[in-house]
Amino acid sequence: MTDAAAKPTTAPKAAPKSPRPPQWKTRPFWLRQLRQWHWITAAISLIGLILFSFTGITLNRAALIGSEPVTTEATATLSDAARTALAAMPEETTDPVPAEIARWARSELKADIAGKPTETTADEVYVALPRPGGDGALTIDRASGEAVAERTSNGWVAYLNDLHKGRNAGPVWAWFIDIFAVVCIVSAITGLALLYLLSTGRRWTWPLVGLGVLIPIIIAIIFIH
């Protein structure tokens, strides 16, 4: 037997694997977390984003969207109990009307004036009733006890535009806008974080993100004076 035949054959050793960077160990965890938060916040805000994007266009092009205001009036005479409460009001005040008058106005004229400030004089009581997409007011003649409720509507586009701005929509809607904005911010931040983790091999990711930043800056610098 030759020396060559006596030597055992050994497989070549594989090259040692280079250790992964420390951040790769936590990458799967962050991917799961970010995807979870991103899809939840996106699902919550999706319809709202469509609404606010649409009303952003209608607000920006309000002059191109024609609408004819429609005004309606309703009149009624105060009940005896409401007239007694009216007589007890000071000649000049901004305090809300007494509860008896507020109940009567809601029942007879479908006007919610409870707790709302008034412009009260010796001749009349005036309560402004602004609302999204229109306006309104209730006027009570102190001598005759006649009440006139006036409502003006500027159409559904004006209604949505006012919701976009939070105009005359009340505190609950104002809180909704604030919370919705926070949800959108979380959705955007998690989206950017996912882009960071998944951008390997996608060379256009960050140029496109940068383009989204540069376009409004360039427009502001060149065209807004």
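Residues numbered from 1 in each chain as written. Predicted model: local features only at pLDDT ≥ 70, side-chain atom pairs only at ≥ 80, totals over all residues. Heavy atoms only, no water.

Peer 1: Explanation requested: the overall build of the protein in the structure shown.
Peer 2: Helix and strand counts for the protein stand at seven helices and five strands. For the protein, the N- to C-terminal ordering of α and β elements is α-α-β-α-α-β-β-β-β-α-α-α. Every one of the 225 residues in the protein was classed for burial, and the buried ones make up 25%. Across the protein, contacts joining residues at least 24 apart in sequence account for 56% of those joining residues at least 6 apart. Carbon and sulfur atoms provide 64% of the accessible area of the protein, an area that totals close to 16,200 Å². (Helix = DSSP H or I, 4+ residues; strand = E, 2+ residues; numbered from the N terminus. Buried < 20%, exposed > 50% of the residue type's maximum accessible area, 1.4 Å probe, protein only. Contact = heavy atoms within 4.5 Å. Areas by Shrake-Rupley, 256 points an atom, 1.4 Å probe, with all protein chains shown as cover.)

Peer 1: Whenever I open this one, unusual backbone geometry confuses me. Can you help?
Peer 2: For residues other than glycine, phi is negative in most cases, and the peptide bonds are mostly trans. Positive phi is not limited to glycine here, since lysine 110 has a value of about 55 degrees. Phi at asparagine 168 is positive, roughly 55 degrees, even though this residue is not glycine. Positionally, asparagine 168 belongs in the loop between α5 (156–165) and α6 (170–198).

Peer 1: Looking at this structure, how should I read helix α3 (residues 80–87)?
Peer 2: For an α-helix the count is 3.6 residues per turn, leaving residues at separations of three or four pointing the same way. Taken residue by residue, α3 has Ala82, Ala85 and Leu86 as its buried positions. For α3, the arc enclosing every buried residue in end-on projection is 105 degrees, short of the 170-degree limit, so these residues lie on one face. With respect to the buried face of α3, the exposed residues turned more than 90 degrees away are Asp80, Thr84 and Ala87. (Arc of directions from axis to C-beta.)

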